[in-house]
Amino acid sequence: MAERESEVTVAEDQLDDAGWSRTRAWVERGLPPGDRIRAVAALRGGWTSQMRRLDVEGEGGPYSLVLRSFVKPFYVKHARGLLTREADILRLLANAKANADADVPAARLHAVDAAAEHCDHPSLLMSLLPGSVRLDEADVERTSELLARQLAAIHGLRVAEEARPRTYEAWTSPERVRFPVGSRRPDLWERAVEVIRRPPPVHRPCFLHRDFHPGNVLFAGTGAGLAVTGVVDWVETSWGPADLDVAHCSTALALLHGVPVGMRFADRYVEAGGTLSDDPAAHLYWRLLDALAYAPDAEKVAGPWRDLGRTDLTPAVLAGRLEEYLLALLRRYG
C-alpha cells in the first residue's frame, strides 16, 4: 500500500510515544537481522484503520513497509475476520501474479497479527507500493478508463472454489436508508428504496474487491503515461456480482467528480471487457443498493476525501450529487 502525497513524518525519538511500542517490537522481530525502523509516516486518506509507512534501514539498503492497525472499537471487534481475510487475499494475489493468472498490482504480505496477540492493536504489515491516490479533477476521463480496465482484470481472476472469499454482504437495506432532511424529492428516495426491497437478482458471481473506488487505487505518471500502480484495501473482498463492484466505483466517481462521470463508468467497464447484467432492472438494483448506503449525504467518505485535498466536497455538495445520481439511475435503468 502507498499514500505518498499525504503523510506526517515522525522522528526516531518519537516512535515509542506513538502508542505502538508492542507493535513496533513485533515488526522489528520479523525484519531481517540488523534491519531497524528509522522513521514513521502517518498515512491519511482512510477512516477504518490507522495507517503508517515504516522506513527501514537494512543491510541491503533502505526500504519501506506499510502497517495497518485497527484502533476504533468497532473494527477492533471485527479485526480477526477482516485482517485474516486481507492476509489470505494478498497471498492469493501473490500466487496469481507468480502464475501470470492476473494483472492485479497488490501489496506483498509480510506479517499479520489479526487478534493482537503480539501488538497493541490488530495489525497487518505489507510492502509499500509506488504511486499515490488521485482524487483531483485532473484527467478524470483517463483515470476512469484505467479504473475500469483494472476492475475488469480483478473480476477476471480465476479462483478455485476452496479459495474463494466469502459471499458479498449488502451494506444497507430498505429499513436502514436515511433520507436527507429537507429534500424536495422524497418521492425519488421512496422509488429508489422500493427497488431494493425485492430479492437480489440472480447473478453470475465472480471475485470482487468489494471496496473498489479511486481512494483505493494508486497511480503514477501523467497524460499518456498515467498508469495504475497499485490496488489496496482488500479487507472486504467477496464473491458476488460484478455489477456490485461497478456500482460502488460509479457512486464514488459521481460524488467526487459529478453525476455524468459516475454514469459513464459502467459503459467504460464493458468497453474494457467486463460483463454486466443484461437486465436493466437487475443492474439498477445493484447500483441503488450501493448508492443508498451513502445516504443521506455521503459524510462517511467525505472526511478522508477532504483530508486528501478535496475540501470542495461539503455535505451540501455531496448530498446534492447523491440525489441527482439516484435520479439519473432511475431515468436510465428504471
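Look above for the structure.
Please read all numbers here as calculations on a predicted model, not as lab measurements.

Chemist: Quick question: what am I supposed to make of the overall build of the protein here?
Modeler: When its secondary structure is counted, the protein shows 10 helices and 10 strands. Rg of the C-alpha trace for the protein: 20 Å, near the compact-globule value of 20 Å for 334 residues, within the 12% margin. Over its C-alpha atoms, taken along the principal directions, the protein stretches across nearly 65 × 45 × 40 Å. Counted over contacts in the protein with a minimum sequence separation of 6, partners at least 24 positions apart contribute 73%. Carbon and sulfur atoms form 50% of the exposed surface of the protein, whose accessible area is close to 15000 Å². One finds the centroid of the 41 positive side-chain charges in the protein at a distance of 2 Å from the centroid of its 47 negative side-chain charges.

Chemist: Would you mind showing me how to read the packing of aromatic side chains here?
Modeler: Each pair of aromatic rings is reported with the distance of its centres and the angle of its planes. On inspection of all chains with the given rule, the structure shows 6 aromatic pairs. With a centroid separation of 5.6 Å and an interplanar angle of 80 degrees, the aromatic rings of Tyr168 and Trp286 are classed as edge-to-face. Residue Tyr168 is located in the loop between α4 (140-155) and α5 (186-195), and its partner Trp286 is located in helix α8 (residues 280-291); the two are separated by 118 residues in the primary sequence. Taken as a pair, Tyr168 and Trp286 share a single burial class, namely buried. Centre to centre, the rings of Tyr285 and Trp286 are 5.0 Å apart; their planes meet at 90 degrees, and the pair counts as edge-to-face. The pair Tyr285 / Trp286 is uniform in exposure class, with both members buried. An aromatic cluster is built from Phe70, Phe74 and Tyr75, whose rings are joined through pairwise contacts. In this structure, Arg210 is placed above the aromatic ring of Trp171, and the distance from its NZ or CZ to the ring centre is 3.8 Å.

Chemist: Please explain the packing of α8 against helix α10 (residues 315-333) as it appears in this structure.
Modeler: Relative orientation and spacing of two packed helices are given, respectively, by the angle between their axes and the distance between those axes. As a packed pair, α8 and α10 sit with axes 10 Å apart at the nearest point and diverge in direction by 170 degrees. What the angle tells us is that α8 and α10 run roughly antiparallel. Where α8 approaches α10, its residues Pro280, Ala281, His283, Leu284, Arg287, Leu288 and Ala291 are matched on the opposing element by Leu322, Tyr325, Leu326, Leu329, Leu330 and Tyr333. Tallied by class, residues from the contact of α8 with α10 come to 11 nonpolar, 1 polar and 1 charged.

Chemist: When you look at helix α6 (residues 242-257) in this model, what are you seeing that I'm missing?
Modeler: Helical periodicity: at 3.6 residues per turn, an α-helix aligns residues three or four positions apart in one direction. Relative to the 22 Å expected for 16 residues at 1.5 Å per residue, α6 spans 22 Å between its end C-alpha atoms, a close match to the ideal helical length. In terms of burial, α6 is largely enclosed, as 16 of its 16 residues are buried.

Chemist: What exactly am I supposed to notice about the environment of Asp278 here?
Modeler: Locating Asp278 in the fold gives a position in the loop between α7 (259-271) and α8. Exposure remark for Asp278: the relative accessible area of 76% places this residue in the exposed category. Between the C-alpha atom of Asp278 and that of Ala115, which follows or precedes it by 163 residues, the distance is 43 Å.

Chemist: Sorry if this is basic, but what is going on with the environment of Glu175 here?
Modeler: When you line up the elements, Glu175 lands in the loop between α4 and α5. When its relative accessible area of 64% is taken as the criterion, Glu175 is described as exposed. For the pair Glu175 and Arg91, spaced 84 residues apart in sequence, the C-alpha separation works out to 37 Å.

Chemist: Explain the pattern of salt bridges to me, please; I cannot follow it from the model alone.
Modeler: Pairing is possible between side chains of opposite charge, provided their charged atoms come close. Going through the model one piece at a time under the given rule, you end up with 20 salt bridges. Between Glu28 and Arg24 there is a salt bridge whose closest N-O contact spans 3.8 Å. Remark: Arg24 and Glu28 occur in helix α1 (residues 21-29); sequence separation between them is 4 residues, near one turn of the helix. With a shortest N-O distance of 2.9 Å, Arg332 and Asp267 are connected by a salt bridge. You can see Arg332 sitting in helix α10 and its partner Asp267 sitting in helix α7, a full 65 residues away along the chain. Judged by relative accessible area, Arg332 falls into the partly exposed class, the value being 41%. Counted as one network, the salt bridges with shared partners bring together Arg68, Glu86 and Asp233.

Rules of the game
- Residues numbered from 1 in each chain as written.
- Predicted model: local features only at pLDDT ≥ 70, side-chain atom pairs only at ≥ 80, totals over all residues.
- Heavy atoms only, no water.
- Helix = DSSP H or I, 4+ residues; strand = E, 2+ residues; numbered from the N terminus.
- Rg over C-alpha atoms; globule rule 2.2 N^0.38 Å.
- Contact = heavy atoms within 4.5 Å.
- Areas by Shrake-Rupley, 256 points an atom, 1.4 Å probe, with all protein chains shown as cover.
- Lys, Arg positive; Asp, Glu negative; His and termini not counted.
- Charge placed at Lys NZ, Arg CZ, Asp CG, Glu CD.
- Phe/Tyr/Trp six-rings, centres within 6.5 Å; stacked < 30°, edge-to-face > 60°.
- Buried < 20%, exposed > 50% of the residue type's maximum accessible area, 1.4 Å probe, protein only.
- Lys NZ or Arg CZ within 6 Å of the ring centre and 35° of its normal.
- Axes fitted to C-alpha atoms, helices over the stretch in contact; angles between N-to-C directions.
- Parallel < 35°, antiparallel > 145°, perpendicular 65-115°, else oblique.
- Nonpolar A, V, L, I, M, F, W, Y, C, P; charged D, E, K, R; others polar.
- Expected span 1.5 Å × (residues − 1).
- Salt bridge = Lys/Arg side-chain N within 4 Å of Asp/Glu carboxyl O.

Honestly, it's all geometry; don't read function into it.
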